[in-house]
Amino acid sequence: MTSSTDTPFSTQGQVATPEASRYLQRLCYHFSRKIKVQYDSLQGEAQFPWGHCSLRADERTLSFVCSADDALALAQVRHAIDAHVALFSRKNPMQVEWV
């Protein structure tokens, strides 16, 4: 799989939640229906058609490191993450804080 150091465009984001592991697993399971994903309860790797995203969970935070070959592709990866975090957190809405 591609890592963020192999591509020129990357971004990092996070969501503060005590349920980071649960959200990581739900996101990765959902993504695995359409794309290549490897995950466990604390980390995941998702290979989108446009780029790559690494997910990490600890007791307080769900973190994302996303990368792609160009800015448009990176925006597509980010959009996929943003849309799915919003979808899976409808009861208690969460938003990824990107840096």
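Up top is the structure these notes are about.
Residues numbered from 1 in each chain as written. Predicted model: local features only at pLDDT ≥ 70, side-chain atom pairs only at ≥ 80, totals over all residues. Heavy atoms only, no water.

Engineer: Can you help me understand the pairing of strand S4 (residues 51–57) in this one?
Structural biologist: Every other side chain in a regular strand lies on the same face of the sheet, so the side chains alternate between the two faces. Extensive coverage of S4 is indicated by the burial of 6 of its 7 residues. As paired elements, strand S3 (residues 43–47) and S4 share 5 bridges and run antiparallel to each other. Across the sheet, the residue bridging to Gly 44 is Leu 55, located in S4. Remark: 3 residues form the turn of the hairpin made by S3 and S4, two consecutive strands paired antiparallel. In this sheet, strand S5 (residues 61–68) lies alongside S4 in antiparallel orientation, the contact comprising 7 bridges. Paired with Ser 54 across the two strands is Val 65, which belongs to S5. Taking the residues that link successive antiparallel strands as the turn, the S4-S5 hairpin has 3 residues. (Buried < 20%, exposed > 50% of the residue type's maximum accessible area, 1.4 Å probe, protein only. Helix = DSSP H or I, 4+ residues; strand = E, 2+ residues; numbered from the N terminus. Pairing = 2+ DSSP bridges.)

Engineer: Just checking my understanding: could you explain the pattern of salt bridges for this structure?
Structural biologist: Between side chains of opposite charge, a pair can form as their charged atoms come close. Across all of its chains, the model carries 3 salt bridges by this definition. With a closest N to O distance of 2.8 Å, Arg 56 and Glu 45 form a salt bridge. Of this pair, Arg 56 sits in strand S4 while Glu 45 sits in strand S3; the two residues are 11 residues apart in sequence, bridging distant segments of the chain. Residue classification places Arg 56 among the partly exposed residues on the basis of a relative accessible area of 33%. Among the salt bridges present, the one from Glu 59 reaches Arg 60, with a minimum N-O distance of 4.0 Å. (Salt bridge = Lys/Arg side-chain N within 4 Å of Asp/Glu carboxyl O.)

Engineer: Any chance you could explain the packing of helix H1 (residues 20–31) against helix H2 (residues 71–88) here in plain terms?
Structural biologist: Relative placement of two packed helices is described by the angle separating their axes and the distance separating the axes. The N-to-C vectors of H1 and H2 enclose an angle of 120°; their axes lie 11 Å apart at closest approach. Along this stretch, H1 crosses H2, giving a crossing that reads as right-handed. Residues Tyr 23, Arg 26, Leu 27, His 30 and Phe 31 of H1 touch H2, and the partners they reach there are Ala 80, Ile 81, His 84, Val 85 and Phe 88. Residue composition of the contact of H1 with H2, by class: 7 nonpolar, 2 polar and 1 charged. (Axes fitted to C-alpha atoms, helices over the stretch in contact; angles between N-to-C directions. Left-handed = near helix turned anticlockwise from the far one by under 90°. Contact = heavy atoms within 4.5 Å. Nonpolar A, V, L, I, M, F, W, Y, C, P; charged D, E, K, R; others polar.)

Engineer: Would you mind showing me how to read H2 here?
Structural biologist: Count 3.6 residues to each turn of an α-helix, and residues three or four apart come out pointing the same way. Its 18 residues place the ends of H2 26 Å apart at the C-alpha level, agreeing with the 26 Å of an ideal helix rising 1.5 Å per residue. Where H2 is concerned, the buried positions are Ala 73, Leu 74, Val 77, Ala 80, Ile 81, His 84, Val 85 and Phe 88. Angular distribution of buried residues about the axis of H2 spans 120°; they occupy a single face of the element. Residues of H2 that are exposed and angled more than 90 degrees away from the buried face: Leu 72 and His 79. If you follow the buried residues of H2, they end up packed against strand S1 (9–16), H1, S4, S5 and strand S6 (97–98). Of the residues flanking the start of H2, the one acting as N-cap is Asp 70, its side-chain oxygen 3.1 Å from the backbone nitrogen of Leu 72. (Expected span 1.5 Å × (residues − 1). Arc of directions from axis to C-beta. Polar contact = N/O pair within 3.5 Å; in protein donor to acceptor, adjacent residues only side chain to side chain.)

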